[in-house]
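The residues making up each chain are set out below.
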Amino acid sequence: MKWIAAALLVILLLLLPSFAGDFYVNLASQILIAAIFALSLNLLVGYGGMTSLGHASYLGVAAYISALLTSRYGFGHGPAAVLSIAGTTAMAAFFGVIALRATGLGFLMITLALSQVLWGLAYRMSNVTNGDNGIAGLTRPMPFGISLDSAASFYWFALVVASFAYLMMTIFVSSSFGSSLKGVRDQPRRMAALGFNPWMIRWITFVYAGFWGGVSGLLYVYYNKYIHPTSLSTTSSAEALLGVIAGGSGTPGGPLVGAALVLLLKNYASAYIERWNMLLGLVFLFIVLVMPTGIVPGFSRLATGLRRGSR
Amino acid sequence: MTISRRQFVSSVGGASIAGMAAPNLVFAQNNGPIRIGLLAAKTGPLASGGIDMELAMAMFLKERENTLAGRKVELIVADTAGAPATARTKAQELIEKNNIHCIIGPLAAFEALAIADYLTEKEIPTLGVAAAEDMTQRHPSPWFVRLTSTSAQCAYPLADYSAKELKYKKIVTIADDFAYGHEMCAGFQRSFEDNGGKIIQKIFTPLATPDYGSYVAQVKSADAIFLGTAGSNGFRFIRQFIEYGLKDKMAVIGGMTALDESVLRNMGDEALGILTTSWYSAELDNPLNKVFAAAFRKQFKYDPGYYAGGVYVTAEVLEAALKTTKGNVEDKKALMTAIRGSSVETVRGLVKIDEFGNAIGNVYIRKVARSDGRLVNSVIKTYPDVSQFWTYDKTEFLKNPVYSRDYPPAKNLEL
Amino acid sequence: MVSQLSEQDRQTMQFWIIQGLNSLSLGGLLFLLSSGFSLIFGLMRLANLTHGAFFMLGTYFGAIALRSYDGLNIWVTALGAGIAVAAIGGLFERLVLTRLKTNPLGQVLVTLGMSFIISDACLLLWGGDSIPVPTPRNLQSPTRVLGFVFPTYRLVLVGCAIGAAVALYFLLERTRLGAMIRAGVDDGQMARAVGIPVSNLFTVVFCLGTGIAGAGGVLGGPILSAYPGLDADMLPLALIVVILGGIGSLLGAFIGSFVIGFIYTFGTALFPELAYIILFLPMIVVIAFRPQGLFGRVGA
């Protein structure tokens, strides 16, 4: 039953451009980008027990590096992508060392502070980043010579990358490393007593999360063909965090649902409802009251309950 | 206070049924309505301007019974939330989902820059409000025009006035630390120093500055302080300027958004006598504005300012262009040509468009005064036919880099 | 004496004195903002991310009330706004937050969600323009300090902060309620075991914390004004102060507020290029080397 549903979903996703207009295909691309970002954040929040409010750092930095290398220094997209991801991952490694000095609220604050520092630098170093005008006139890469300029072609590209990201991150959390990560999340002292190195486990997760955050940043800048300091803002990080929690932080599918929810409310419902910010807040309140661990766990519990009831 | 989209569309429907009963004086090329998209930031920190934009547009269309050049009009308003990614999505929504024929807005420079390539690719006539200099200088698009002004365009006349008529010698500038503030202060500095004055200090305040106290305390003594601020930052700064006792020592002058009408209504006597410069004032004496300002004030209880005036002027120019094309919006090139060839009497005066798509029109030096018990920007001098290049040679101007925090270099700073 | 100094010396002295006083008044404002947050976090281990919005709500109440009724006293208004915000906070705590005691992520979601609701409601009710809060008439004329002029109200604000600190100290150290709160902070389970109604205590503390924020919003109004986005500007400041000062420590919040006040004021004046970073760098440094903050307890 589950496999049929999954297969149908895959077919639906692949065929989306053939029955939906460009606007909806573009919306789907944006959801895929937000999903990768949310999944990477979930490694930290859901599986690592580290609530970060600065994850936009990785999205923004990767985007900026790619934008600068391609538009100002004449790099091709391939080398620029490699350098962006490498740079972002190195930064995540460095930030991880600082951030992991604290836990809980302190960790949240450091991640927030680090992203704010980057945000401020993006505005202030306007010789490099063009400040609040942002960097415009960017291009999309042409993997294997295929143009990504049309809505459909970009969508399929994003779908491939997102599927790969999902796969890699799911393997990560289901592996034995993932188990030790969950162990560190739940019982750090016991894990240490058993001979694990909680700090190292957390740090590796932090770096891996930063890596995929960077990947989402590349897709983001390819999609928008523009980058601006707001992508590094706390709002950007907060929306992702909210999506992860609302969708269900300990689950592989939760962040996808949560990211889609936030994006659709922001970009789609806002056309019909002027007070969409308030609606967003109310939806979050509702989710937490009715499904305290998130939408996906809530729905699966509902499904289990129905199945049990119908027996 | 704001009109919900549903309300507006239904009112359009009602009005259009009434409109169909009126005789068709102009042959409409197509039976469908003209669809205009309005990109306004209705939430977020820029909300004040975005809300005004929508109100003015709604009023403009209602006055004309939602008919321009004999054809029904449908207005679709999209909230960009003041974020570039959202602006892009909304632009896509307007173009791909709502099939609009032209766009008015957006408000902020970075919103405009985020969607510029997309609008050019889709060939959508865009009548913007954002003041970013380069959009009509070094990176113009054939599909973009701006009926308001560039960031520095209105600063030049004020600098000229300060040097020649007020005889100021030393001025301090303060503005928000983003491109708009940089460009405006750069233009002011250039014109002021060309006339023999000196800018002795340039302060740029970070974007999220809740308290201006430490900045007020840094201000060096000079003849005047020039405010290149936007939104309500100008008035918050002035309040603290007065509290620190500086208003008695230095005059205050400001750019086009420093003391906008929307901000003035919340101020008191402390604002009297402050000079600002803009391409508009609600007190303008021409026949079109007398009607518009009074109607706006009657309906919304405050005077129209930069954003309301900007959208209204833009709509007037659009209407004139539509009359030229006899209501045809499907031929986008023809519409764009008509817009770019405009020479229209509007509420700001006569507006023409230069070859880069920017407006050439009057710039007014205004002084805050009290009239009918409320504060207004009363006009004391008009500089006619001001272009974005002021008195500078166009080619030389464009060879220089775009105005920024460090260009033109400030050579007279006192340390 | 001052008039005998050279102009250069005079300007330097003016700089240090004025900016010093600015630091104090900013510190006072920050304490009014963050003391409530510190109290709530200390007892309930809840990072109240709605705190900036509650503060802003107070500012809006103050702005509207003081502009509509000419003779209204700012102190009365602050008290009234504090009570109103405390009531809203109490409802929120009782209806929503109580269910999330073991769900820290849910707390994040709900407090941020509530801040969206409050800020959008303010936009809906009072529009997008900045609304000034009038300075009390008898405090409008500047004070002369050593030959320099400084706004009187800002000095009064420092007094308010000190007054609030003293009042809170008295409450926590010398009253029964305070003793219960301290017990709850130190060891919640034990406190419950000896019969302290910790759940009701939580509601009381949440009301107190948000009430202080609301009143602080009114008192900070003449300097800040009510505008959309005030909540997002204020929340990080509250977080920074509490993290720097140490979680669960009122003294930490007090000292932290003034330390941040000084760093921010002098930092932006002396190093304008670092304006954005100047707030966060000290906090990052402190957490990196002393994760519990200046006065916090380890393991908090």
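The structure displayed is predicted, hence computed values, not measured ones.

**Q** Would you take a moment to explain the overall build of chain A for this structure?
**A** When you go through chain A residue by residue, the secondary structure sums to 14 helices and 0 strands. Taken from the N to the C terminus, the helices and strands of chain A come in the order α-α-α-α-α-α-α-α-α-α-α-α-α-α. In terms of overall dimensions, chain A is globule-like: its C-alpha atoms have a radius of gyration of 20 Å, near the 19 Å expected for 311 residues. Sorting the 311 residues of chain A into buried and exposed places 54% on the buried side. Residue pairs in contact within chain A that sit at least 24 positions apart in sequence constitute 73% of those at least 6 positions apart.

**Q** Please clarify how the overall build of chain C should be interpreted in this entry.
**A** Each helix and strand in chain C was counted, giving 11 helices and 2 strands. Secondary structure elements of chain C occur, N-terminal to C-terminal, as α-α-α-α-β-β-α-α-α-α-α-α-α. Compactness check: chain C gives a C-alpha radius of gyration of 20 Å against a globular reference of 19 Å for 300 residues, within 12% of the reference. Taken over the C-alpha atoms alone, chain C extends approximately 70 × 50 × 40 Å along its principal axes.

**Q** What should I look at first to understand the interface of chain A and chain C in this one?
**A** By convention, interface size is frequently given as the accessible area that disappears when the constituent parts associate. Tallying the contact residues gives 33 residues for chain A and 31 residues for chain C. Broken down by secondary-structure element, the contributors of at least two residues to the side of chain A that touches chain C are α5 (104–124), α11 (234–247) and α13 (276–290) of chain A. At 11 residues, α5 of chain A tops the list of elements feeding residues into the side of chain A that touches chain C. Across the side of chain A that touches chain C, the residue classes tally to 23 nonpolar, 7 polar and 3 charged.

**Q** What's the story with the domain arrangement of chain C in this structure? I'm lost.
**A** Residue and element names in this part refer to chain C. As far as domains go, chain C holds domain 1 (43–227) and domain 2 (229–300). Counting residues at the interface gives 17 residues for domain 1 and 10 residues for domain 2. When residues of the side of domain 1 that touches domain 2 are traced back to their parent elements, those giving at least two are α2 (51–68), α4 (104–126) and α5 (152–174). For the side of domain 1 that touches domain 2, the leading source of residues is α2, giving 6 residues.

**Q** I keep staring at helix α3 (residues 56–71) of chain A and nothing clicks. Help me out?
**A** Because each turn of an α-helix spans 3.6 residues, side chains separated by three or four positions end up pointing in the same direction. The terminal C-alpha atoms of α3 of chain A lie 22 Å apart, and with 16 residues this matches the ideal 22 Å at 1.5 Å per residue to within 8%. The element α3 of chain A is extensively covered by neighbouring structure, given that 15 of its 16 residues are classed as buried.

**Q** I tried to follow the environment of Ile 196 of chain C on my own but got confused; where do I start?
**A** Residue and element names in this part refer to chain C. Residue position: Ile 196 is located in the loop between α7 (188–193) and α8 (198–224). Along the sequence, Ile 196 and Gly 113 sit 83 residues apart, while their C-alpha atoms lie 31 Å from each other. With sequence-adjacent residues up to four places away left out, Ile 196 is seen in contact with Met 180, Ala 183, Gly 184, Ala 191 and Leu 201.

**Q** Before we go on, may I ask you to explain the nonpolar core in this structure?
**A** Soluble globular proteins tend to pack their nonpolar side chains together in the buried interior. Membership of the largest hydrophobic core comes to 353 residues, with the highest contact counts inside it found for Ile 36 of chain A together with Met 57 of chain B. Looking at which element gives the most residues to this core, the answer is helix α2 (residues 22–47) of chain A, with 17 residues.

**Q** What is the right way to read the interface of chain C and chain B from this model?
**A** Contacts between the two partners involve 27 residues from chain C and, on the opposite side, 23 residues from chain B. Among the elements of the structure, α1 (7–44), α8 and α10 (250–270) of chain C are those that each provide at least two residues to the side of chain C that touches chain B. If one sorts the elements of the side of chain C that touches chain B by residue count, α1 of chain C sits on top with 5 residues.

**Q** Would you take a moment to explain the packing of α1 of chain C against α5 of chain C for this structure?
**A** For any two helices packed against each other, one specifies the inter-axial angle together with the distance between the axes. Residue and element names in this part refer to chain C. At a minimum axis distance of 8 Å, the contact between α1 and α5 shows a crossing angle of 40°. By the angle between their axes, α1 is oblique relative to α5. α1 and α5 meet at a crossing whose hand is left-handed. Residues Leu 21, Leu 24, Ser 25, Gly 28, Leu 29, Phe 31, Leu 32 and Ser 35 of α1 pack against Arg 154, Leu 155, Leu 157, Val 158, Cys 160, Ala 161, Ala 164, Ala 165 and Leu 168 of α5. In terms of residue class, the contact of α1 with α5 is made up of 13 nonpolar, 3 polar and 1 charged.

**Q** Would you take a moment to explain unusual backbone geometry for this structure?
**A** Leave glycine aside and you will find that most residues have negative phi; peptide bonds, for their part, are mostly trans. All names here are of chain B. Pro 106 follows Gly 105 through a cis peptide bond whose omega is -5°. Structurally, Pro 106 can be placed in the loop between β4 (102–104) and α4 (109–122). For the bond from Tyr 407 to Pro 408, the omega torsion is -5°, close enough to zero to count as cis. Mapped onto the elements, Pro 408 comes out in the segment after α13 (394–399).

**Q** What is the right way to read the sheet that holds strand β1 (residues 34–40) of chain B from this model?
**A** Residues and elements named next belong to chain B. Strand order in this open sheet of 6 strands is β2-β3-β1-β4-β5-β6, and the pairing throughout is mixed. Where the open sheet ends on each side, the last strands, each with one partner, are β2 (67–68) and β6 (144–146). Relative to strand β5 (residues 126–128), β4 runs parallel, the two being bridged by 2 bridges. Paired with Ile 104 across the bridge in β5 is Leu 127.

**Q** Just checking my understanding: could you explain the confidence of the model for chain C for this structure?
**A** Mean pLDDT over chain C works out to 88, with 97% of the residues at or above the 70 mark. For this predicted complex, the interface confidence comes out at an ipTM of 0.88, alongside a pTM of 0.90.

**Q** How should the pairing of strand β10 (residues 251–254) of chain B be read in this particular structure?
**A** Residue and element names in this part refer to chain B. In terms of strand pairing, strand β9 (residues 224–228) meets β10 through 4 bridges, oriented parallel. Bridge pairing links Ile 225 to Val 252 in β10. Taking the sense of rotation as the criterion, the β-α-β connection linking β9, helix α8 (residues 233–243) and β10 turns out right-handed. Here β10 runs beside strand β11 (residues 275–278); their pairing, made up of 2 bridges, is parallel. The residue bridging Ile 253 from the neighbouring strand is Leu 275, located in β11.

**Q** Would you take a moment to explain helix α4 (residues 77–99) of chain A for this structure?
**A** Residue and element names in this part refer to chain A. If you check α4, its first and last C-alpha atoms are 31 Å apart, about what 23 residues at 1.5 Å a residue would give, namely 33 Å. Those residues of α4 that fall on the buried side of the exposure criterion are Ala 80, Ala 81, Ser 84, Ile 85, Thr 88, Thr 89, Met 91, Ala 92, Phe 95, Gly 96 and Ala 99. Where α4 is buried, its residues touch α3, α5 and α10 (198–224).

**Q** Could you clarify how one ought to interpret the environment of Tyr 268 of chain A in this entry?
**A** Its place among the elements puts Tyr 268 of chain A in the loop between α12 (254–267) and α13. In this structure the C-alpha to C-alpha distance between Tyr 268 of chain A and Gly 250 of chain A, which are 18 residues apart in sequence, comes to 27 Å.

**Q** Even after reading the chapter, I still don't get the packing of α2 of chain C against helix α3 (residues 74–95) of chain C, so can you show me in this structure?
**A** All names here are of chain C. In contact at an axis separation of 9 Å, α2 and α3 are set at 135° when each is read in the N-to-C sense. Between α2 and α3, the crossing angle belongs to the class labelled oblique. Considering only the axes of α2 and α3, their crossing is right-handed. Every residue of α3 that contacts α2 at Phe 54, Leu 57, Gly 58, Phe 61, Gly 62, Ala 65 and Leu 66 is listed here: Ile 74, Thr 77, Ala 78, Ala 81, Gly 82, Ala 84, Val 85 and Gly 89. Class assignment for the residues of the contact of α2 with α3 results in 10 nonpolar, 5 polar and no charged.

**Q** Looking at this structure, how should I read the pairing of strand β7 (residues 170–176) of chain B?
**A** Looking down a regular strand, the side chains alternate between one sheet face and the other. Residue and element names in this part refer to chain B. Burial analysis of β7 places 6 of its 7 residues in the buried class, the great majority of the element. For β7 and strand β8 (residues 198–205), the ladder comprises 7 bridges, and the chain directions are parallel. Considered in β8, the bridge of Thr 173 is made with Lys 202. Where the polypeptide runs from β7 across helix α6 (residues 179–194) and back to β8, its parallel neighbour, the crossover connection is right-handed. In terms of strand pairing, β7 meets β9 through 5 bridges, oriented parallel. Bridge pairing in β9 links Ala 175 to Gly 228.

Cut-offs applied
- Residues numbered from 1 in each chain as written.
- Chains lettered and ligands numbered in written order.
- Predicted model: local features only at pLDDT ≥ 70, side-chain atom pairs only at ≥ 80, totals over all residues.
- Helix = DSSP H or I, 4+ residues; strand = E, 2+ residues; numbered from the N terminus.
- Rg over C-alpha atoms; globule rule 2.2 N^0.38 Å.
- Buried ≥ 20, exposed ≤ 12 C-beta atoms within 10 Å, placed from the backbone.
- Contact = placed C-beta atoms within 7 Å.
- Nonpolar A, V, L, I, M, F, W, Y, C, P; charged D, E, K, R; others polar.
- Domains from an automatic or database assignment.
- Expected span 1.5 Å × (residues − 1).
- Core = buried A, V, L, I, M, F, W, Y, C linked by C-beta atoms within 7 Å.
- Axes fitted to C-alpha atoms, helices over the stretch in contact; angles between N-to-C directions.
- Parallel < 35°, antiparallel > 145°, perpendicular 65-115°, else oblique.
- Left-handed = near helix turned anticlockwise from the far one by under 90°.
- Pairing = 2+ DSSP bridges.
- pLDDT = per-residue confidence, 0-100.
- Right-handed = clockwise from strand over helix to strand, strands pointing away.

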